[in-house]
Structure formats: structure tokens, C-alpha cells
Amino acid sequence: MNGCVNASIGLGVAALCVLATFPALADPPLPARVEFNRHIRPILSNNCFFCHGPDPEAQKAKLRLDRREDATAAREGHAAIVPGDLATSALIGRILTDNPDDRMPPPASNHILSAREKTLLQRWVEQGAEYESHWAYLAPKRTAPPEFKNGDWARNPVDEYILAYLEGQQLAPAQEADDVPLIRRLSFDLVGLPPTPDEVADFISDRSDAAYEGLVNRLLASPHFGERLAIHWLDLVRYADTVGYHGDQIRGAAPYRDYVIAAFNDNMPFDQFTREQLAGDLLEDPTIEQRIATGYNRLNMVTREGGAQDKDYLIRYAADRTRTTASVWLGSSLGCAQCHDHKFDPFTTKDFYRFSAFFADIKEVGVQTEAGNSGPFPPYLLFPNEEQAEKIATVDADIARLREALQAPETEGAPSADSLRKELRSRQEARFRLEQETYHSVVTETMEPRVVRVLARGNWMDESGEIVTPGIPAFLGDIQTTDRLPTRLDLANWLTAPENPLTARVFVNRLWKLYFGTGISKILDDLGSQGEWPAHPELLDYLALEFMESGWDIKHVVKLMVMSSTYRQTSRADAALKSLDPYNRLLARQSRFRLEAELIRDNALKVSGLLSTAMGGPSARPYQPVGYYSELNFPKREYQPDSGENLYRRGVYTHWQRTFLHPSLLAFDAPTREECTAERPISNSPLQALVLLNDPTFVEAARVFAQRILKEGGLAEADRIAWAYQEALSRFPLDSERAIMHTLLEKHTAQFAATPTTASDLLAVGEAPITETLDPVQLAAWTSVARTLFNTHEMIYRY
């Protein structure tokens, strides 16, 4: 787990974060009964399956260890595994031998089995070497939690599973979090914004379960809930405002982002959410919103590069959709089967291309050149304002007139056909430019499906492979249709069908990560053999079934999680618990982690009073360094920040330029969204402190917050410091913090009084107006106080 210390650097106090190293989680006792999925599969997958797994091209000695019938089959009088017989099991002999030429895994693989792993393998063979289907591919089942003693602590089934496990480990849950950390945690988790001082006061005055539930219900009903949850979904589906490849031109997709936000706010059932994105165009009489939803299929990177091969890029786009859809809904690395059978999971190359064939009916070209480098990427829906509609109508009339003139017989004195064609091209280019400037959204339109073949080693030029039709991975079953091939709509329906064991598990596991810091199964984009055995498998199955049986009700599952006593625990841990469970997999406490990049900015704007709550519409362009886009070509362009309210919109609405992501978002680990991102990394670096100190958005927010401190915080310095802490951190300052702020204020007041131009320069940052009645030196000094508060751990972390 990451920890931070505050270090004084330059102007104010910056959050310079360092990694805290804790001892690794101690090995649990060896189990009396060894289970294949829990204990053995991870060992074999990490050390053996690469050479002895599903991929026939990679198999050594024609031996598979992922299937019992192969592992126990005799070869030249010997078997790798002889159930119940250690002496004749070749696998056991190979892992125990001292001869490096015979040892498995071989030394050249750089894999070494631990003593515990060797013992588990031996005990498993002794007990009969029973295999199990991979846990994630089995239907979830509801099991009653084991008995537990502390019945007063458990508020709902989530707690029952966690408490039974903790008591089995002779551990007790942590106490409930204090008032302020709990309401801030809940607010950041559900709406991505801090609570107001009035909301904090109301929460402190009534800590009853009914009041807590009322707060949860209000936050779930807030329009900001959808904005908060959308950040995670947009990472998954690789939403961006630009195409990524080559010139990274703008492609209209903002209406899709707004669709996602609205869907989460309206609590659209997840099965409907799935159908509309994958196949909204195939529904009967689709609405505009359902057509916008199909923008999901068009969010992949595309190119206009002159030398690109159309067929090559059509294959790339199809592969991208296959990888992304399998990752988003199935939590599976199907993309690993594009060039060969999967080395660890039962996905074949044929499975990959059959899945890809679902998307073969999407109307598109590989290299879109019709509109040059400036036009939109068809097909799309236009949403012009009144002025734009008039301009488009005028150009359309010109185009119609010119086409009519070209069809008419040439007459003396009339413009030549060449000049008419030249003018027509000019007006068509003007039409493309107008469309690009108009608010629009790429959508999916269907066409006659392309032929899809299995490509040997993924080679798009090799047309010798088997022709395949749409289908799901064979080991997961099949989609039955009558007199027609399965469609994207059939795929969407199967993804949320009861017989699919993956989708519900994948989604609730990712929700758990949002509210507890780590998924129940840690690897969010891979529930396969290279993933992780769930820390609480029965709880994961319970949540998956609850999600499906509730009608795919997202807010129901979120509420179930945040209403639990498990969620409400303090994130504090003593040294013994940190040593035993440094990454909080046992959940004997809550987790603490840094906010996402967008929320860090939102928090500063909200505290300052600048945050705009406007929802939807074209993406916003906040301040960013001049010349940052200088390397962008085709076409050359210069970034123009917005003005007025648009400068202060929430981070979820920020323009997402894939090749040149906004620097402050990049510094705080936001992904470029070139590929599906299920989990953002969390880094800690001095650069982040410098962003908080010097990025114009944060400097301006600090200055406006300082104006509020001086106008609303009272007249005495102590009152102003206390007011600032309440607004920014929802608490009163400690005596030591008051002393630090007093010293800082004195120091910077003297510095700015001695060099007034430095105060003027600081106050000139940003477009927000300056209160003229305030003394510039005093305002600059309090701006330093505000910048310091914006750099504290509590401003950028959720506890």
C-alpha cells in the first residue's frame, strides 16, 4: 500500500509521496485438503502452462498439464501424474530433482518453485490429483456464509461473508471510521466530490443507520453519480475525442460519453446498457439515444494515413473490438488468441475470429480519406445549433446547384465542367469542415457482413484460413439461432444471459475495487488462469447472483456495498495488521488510495467555488501549456483553451487527445485510452506535487479560494485558517497546523510586500476575476495558504 509524507518545497507545502514498504503477507498454513483451483492451478499456470498448456504450437513433449486426461496419460510407460503415487509421478520427480538438466521448470525459464509450492503439488498428487474447471467458467452459486460470532457487527450479507472469514483467521474487523473520513469517503466514492460543511455538520449530528442510508440514497440520486461512475466505464471502452493514429484528428464521440453518464444516473439495467451499446442499431425502431449508444463500436483508433492499407486496418479495427469487448464484459484476454491458441486459457484462434465475426457487419472503411484531414468519420449523427444548421443548408443548396449544373448540357458562356467540378469539390470540403465543427456523434450502421477468416499468425495478407461465422468461445457453449447467423444483438443478449458465468462477476468485481481499493479477484481484466483466485470467492458469487437477480440493478449493488459495516471501517491499521495484510486483502479495515486524476482537479475547483455543474455537450478545454500540440500534424493545430464556465467543468468532460493527453491528467495516471483500461496505475511522484502547485487550474483555484477565505472566513487570522480547513478538508486544523499556516502566512506576506510584482504575477494566473477591494499582498499570501492546503494528503486521497 502507498503512503505519503508532506515535504516543504519552495512555495508552501507539497505532497511529495514515497512508497512505504511493508513485509509481504505471511504464508498461510498448508491446507489439509488441497484444491485444484485455489492452490494448484495458479502454480501450474505461472510455471508450466506456457510449455504444457492449451496452445499446441507451444507444447513441449506433447504434454498438457491443464487437462487431467492428458496429465495422467502414460507416455512410454510413464505418466506426468499418477494420482496417489508420488514415486511414479514424473512431475514430482522433475520438480524435486537436483539435476538441472531434468529439473522443471527448467533453469532457463527463470521460474523457481518455492518450497511451499512443491509441498502443495506433492500433497495434491497424494490426495488423488483431482482437477476442477476454472472457477470463473463455472456458474456462480449462492452459499450461506459460515457461522460467525459478532452478530451485531454484520449489517448485510457482505458483512456476513467477511466477518466469518476474519473470525476464521482469528481477526476482528476495525472500528467504524470517524465522522469526517466516512462522509468524505462516501462522497468521493459515489459522486467524486467533497461534502459541503453543512453536509458534514448534518452527518455528525445524526449518525443513525437511517440517516446514513438517507445520505447514501441522496448521493445515488445525484446527477454527479453518473459522472463519477462514467470515468471507470470510459476507461474500459477506451473513449476519447480523437482517433489516436497518425494525425490523431478529432472524431465526434461526446454524445456517447453523455449517454453513459445518463444511463448510470437513470440506473439503466446493465443488460439493456449492454444491448444498446453493442447492437442499438439492430433494435426495432431504435431511438436517437440507442443509436448514440452504438458509438461504442466506433471508439477504436482509426487512421487517415496516406500509405496505410485499407484491408490491414479493417483487420486491426475488428481485432480491437474483439479484445475490448472480451475484456469489458468477459474479463478475458481473448486478444492473446489472435495469432495462436491461448497459452493459459481454453480460447482458440478460431474462437477469436468467430467472436470478431460478430462485428463484420459494421459499416466502415479501413483508411478514411474522403474528407481529407479535417472532416468527420462517417457514419455519424449531427446535432447542429441554429447557426450551424443555416450554414449547412446553404452549402447543401450550393452542392445541389452545382451537381445539377454538371448534369445539364453545356451552353455557350456557362462555366466549364472542370470549373464546376472544382467548385463542387470546394463546397464539399466546406461541408466536411462544417460537420467537423458541428456537435456530432459517430454511430454504428450495418452492412452486408464481410468475410472473416482465421488468419495464420494474425497475418492480414494470408487468405488461406478457414472462413468462420459469428460465435462465442466454444468452451462457453453456443448461440442457437434459426435460419440465420448470430448477430451483435444475439451476442449482447448472451453476454447478460444466466448461462454466461463471467459478465456479472466481472462487473461486480470492478465495483468492489472502486469502493474497497482492490477487486475481490485482483486482476480486473483477466479472470482466467493468469488472474487471481478470489480472496473471497463465495462473496464474489453472492454479489454476481444478486446483481443478476435484481434485474442487473447497478445502484442496488453499489448500495449493498457502501451500506455494509465492511465499507464503513476505519482505514487506520496498527503495525501488526499492516505486517500481516499490507494490501488489505482480508478486509479487516478499509483501504486508502489516491483519487483519480479528474477528481483531484474537480476537488480543487469545488473547494474554490469555481466548479461548473453543467452537464453534457462538447468536451471542455481547460488551460494547458502553450505549444503542447506543436508536434501534431495532419493537420497542424494549436490548442485554444475555452473561456468562461467551460474552463471549470468536471474532468470527465475534458477533451481527450489520445497522443497528447492533458498534462495534469497524465501526471496523475489517467490513461490515453488507446486500449481498454480496467485499472489505472497509482504512482507517487514529485511531478504531481509540482502540478498541484503550478498548473494554472490549481493556481487559479487557490487564488479564488483565498478570495473566499478573506471574504467569508472572518476577520481574525485564526478564524480564517479554521474556515479554510473546514471548507477544504471538512475539519478543524490541529494546533500544529495552525502554527505552520501562521508561519507561512507571515513569511509570504513579507516576501510579497517586498516584491509586489511577484504578487501581481501570481494573482494574474487564470481568467476568474479578482476582487478589487482586496489588498494584493494579502490576497497573494493567502493564496499561498490555499496552495498549501491543495497539496495536503487529504485533498488528493480518499480514506
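A. View of the overall build of the chain. In terms of helices and strands, the chain carries 32 helices and 10 strands. Relative to a compact globule of 799 residues, whose C-alpha radius of gyration would be 28 Å, the chain shows 30 Å and is just as compact. With the principal axes as the frame, the chain shows a C-alpha extent of 90 × 90 × 50 Å. Residue burial in the chain is summarised as follows: out of 799 residues, 55% are buried. Across the chain, contacts joining residues at least 24 apart in sequence account for 72% of those joining residues at least 6 apart. With the model as given, the accessible surface of the chain reaches about 33900 Å², and the carbon-plus-sulfur share is 53%. Counting 84 positive and 110 negative side-chain charges, the chain places the averaged centre of each group 3 Å from the other.

B. Fine view of the packing of aromatic side chains. Summed over all chains, the structure comprises 35 aromatic pairs. An aromatic cluster is defined as three or more aromatic residues linked by ring pairs; in this entry it consists of Trp-233, Tyr-256, Tyr-259, Phe-264, Phe-270, Phe-273, Tyr-296, Trp-329, Phe-507, Phe-547 and Trp-552. Over the ring of Tyr-296 we find Arg-238, and its NZ or CZ is 5.8 Å from the ring centre. The lysine or arginine in question, Arg-649, covers the ring of Tyr-653, its NZ or CZ lying 4.3 Å from the ring centre.

C. Geometry of the environment of Ser-784. In this fold, Ser-784 is placed in helix H31 (residues 776-790). Ser-784 sits 353 residues away from Arg-431 along the chain, and the two C-alpha atoms are 50 Å apart.

D. Region of interest: unusual backbone geometry. Here Met-104 and Pro-105 are connected by a cis peptide whose omega angle stands at -5 degrees. With respect to the helices, strands and loops of the structure, Pro-105 is situated in the loop between helix H4 (90-96) and helix H5 (115-126). For the bond running from Phe-634 to Pro-635, omega is 0 degrees, close enough to zero to count as cis. Tracing the chain through its elements places Pro-635 in the loop between helix H24 (597-608) and helix H25 (663-667). The phi dihedral of Gln-170 is positive, around 60 degrees, even though this residue is not glycine.

E. Seen up close, the nonpolar core. Leu-190, Trp-233, Tyr-256, Tyr-515, Leu-543 and Phe-705 are the most contacted members of the largest nonpolar core, which totals 175 residues. Setting aside residues no more than four positions away along its own chain, Leu-190 makes contact with Val-216, Leu-219, Leu-220, His-224, Phe-225, Arg-228, Tyr-515, Val-558 and Val-562. Residues Ile-81, Ile-95, Leu-121 and Tyr-131 belong to the second largest nonpolar core, which totals 23 residues.

F. A look at the packing of helix H9 (residues 209-221) against helix H21 (residues 554-562). Running from N to C, H9 and H21 point in directions that differ by 145 degrees, and their axes come no closer than 11 Å. Relative to H21, the crossing made by H9 is right-handed. Across the interface between the two elements, Tyr-212, Glu-213, Val-216, Asn-217, Leu-220 and Ala-221 from H9 touch Lys-555, Val-558, Lys-559 and Val-562 from H21. Of the residues contributing to the contact of H9 with H21, the split by class is six nonpolar, one polar and three charged.

G. Region of interest: the environment of Ser-133. Relative to the elements of secondary structure, Ser-133 occurs in the loop between H5 and helix H6 (157-168). When the C-alpha atoms of Ser-133 and Arg-67 are compared, they prove to be 9.3 Å apart, with 66 residues separating the residues in sequence.

H. Examining the side chain of Asp-541 more closely. For Asp-541, the position within the fold is in helix H20 (residues 537-549). Excluding residues that lie within four positions of it along the chain, Asp-541 makes contacts with Pro-140, Lys-141 and Arg-505.

I. Spotlight on the packing of helix H28 (residues 717-729) against H31. With their axes 11 Å apart at the nearest point, H28 and H31 run at an angle of 40 degrees to one another. It follows that H28 is oblique to H31 by the angle criterion. The two elements H28 and H31 meet at a crossing, and its hand is right-handed. Of the residues in H31, those touching H28 at Glu-717, Arg-720, Ile-721, Ala-724, Tyr-725, Ala-728 and Leu-729 are Gln-778, Trp-782 and Leu-789. In terms of residue class, the contact of H28 with H31 is made up of seven nonpolar, one polar and two charged.

J. Looking closely at the side chain of Ser-571. Looking at the secondary structure, you find Ser-571 in the loop between helix H22 (565-568) and helix H23 (575-580). You can call Ser-571 buried: its relative accessible area is 7%. Within the structure, the side chain of Ser-571 is placed 3.3 Å from the side chain of Arg-592, a separation counted as a polar contact. Setting aside residues up to four positions removed in sequence, Ser-571 forms contacts with Arg-185, Arg-589, Gln-590, Ser-591, Arg-592 and Tyr-799.

K. Up close: the environment of Gln-309. Its place among the elements puts Gln-309 in the loop between helix H13 (288-293) and helix H14 (310-330). Distance from Gln-309 to Glu-147, taken between C-alpha atoms, is 63 Å for residues 162 residues apart in sequence. With residues up to four places along the chain from it excluded, the contact list for Gln-309 reads Val-367 and Trp-460.

L. Representation of H24 in the model. Helix length check: H24, at 12 residues, gives a terminal C-alpha distance of 17 Å against a target of 16 Å (1.5 Å per residue), a fit within 8%. Most of H24 sits inside the fold, with 11 of its 12 residues counted as buried. With its phi angle positive at about 95 degrees, Gly-609 sits one or two positions after the end of H24.

M. Structural view of the pattern of salt bridges. One pass over the full model with this rule turns up 51 salt bridges. Put simply, Arg-67 and Asp-70 hold a salt bridge, and the shortest N to O gap is 2.7 Å. For Arg-568, the salt bridge identified is with Asp-209, shortest N-O distance 3.1 Å. Note that Arg-568 is positioned in helix H22 and Asp-209 in helix H9, a separation of 359 residues in sequence. Under the relative-accessibility criterion, Asp-209 is labelled partly exposed at 39%. What emerges from the salt-bridge pattern is a single network uniting Arg-155, Glu-176, Asp-179, Arg-207, Asp-209 and Arg-568.

N. Highlighting the confidence of the model for the chain. The share of residues in the chain with pLDDT of 70 or more is 96%, and the mean pLDDT across the chain is 93. Residue range residues 1-25 is modelled with pLDDT below 50. Its contacts to residues more than four positions away, or to other chains, number 58 contacts.

Quick notes on the rules
Residues numbered from 1 in each chain as written. Predicted model: local features only at pLDDT ≥ 70, side-chain atom pairs only at ≥ 80, totals over all residues. Heavy atoms only, no water. Helix = DSSP H or I, 4+ residues; strand = E, 2+ residues; numbered from the N terminus. Rg over C-alpha atoms; globule rule 2.2 N^0.38 Å. Buried < 20%, exposed > 50% of the residue type's maximum accessible area, 1.4 Å probe, protein only. Contact = heavy atoms within 4.5 Å. Areas by Shrake-Rupley, 256 points an atom, 1.4 Å probe, with all protein chains shown as cover. Lys, Arg positive; Asp, Glu negative; His and termini not counted. Charge placed at Lys NZ, Arg CZ, Asp CG, Glu CD. Phe/Tyr/Trp six-rings, centres within 6.5 Å; stacked < 30°, edge-to-face > 60°. Lys NZ or Arg CZ within 6 Å of the ring centre and 35° of its normal. Core = buried A, V, L, I, M, F, W, Y, C linked by side-chain atoms within 4.5 Å. Axes fitted to C-alpha atoms, helices over the stretch in contact; angles between N-to-C directions. Left-handed = near helix turned anticlockwise from the far one by under 90°. Nonpolar A, V, L, I, M, F, W, Y, C, P; charged D, E, K, R; others polar. Parallel < 35°, antiparallel > 145°, perpendicular 65-115°, else oblique. Polar contact = N/O pair within 3.5 Å; in protein donor to acceptor, adjacent residues only side chain to side chain. Expected span 1.5 Å × (residues − 1). Salt bridge = Lys/Arg side-chain N within 4 Å of Asp/Glu carboxyl O. pLDDT = per-residue confidence, 0-100.

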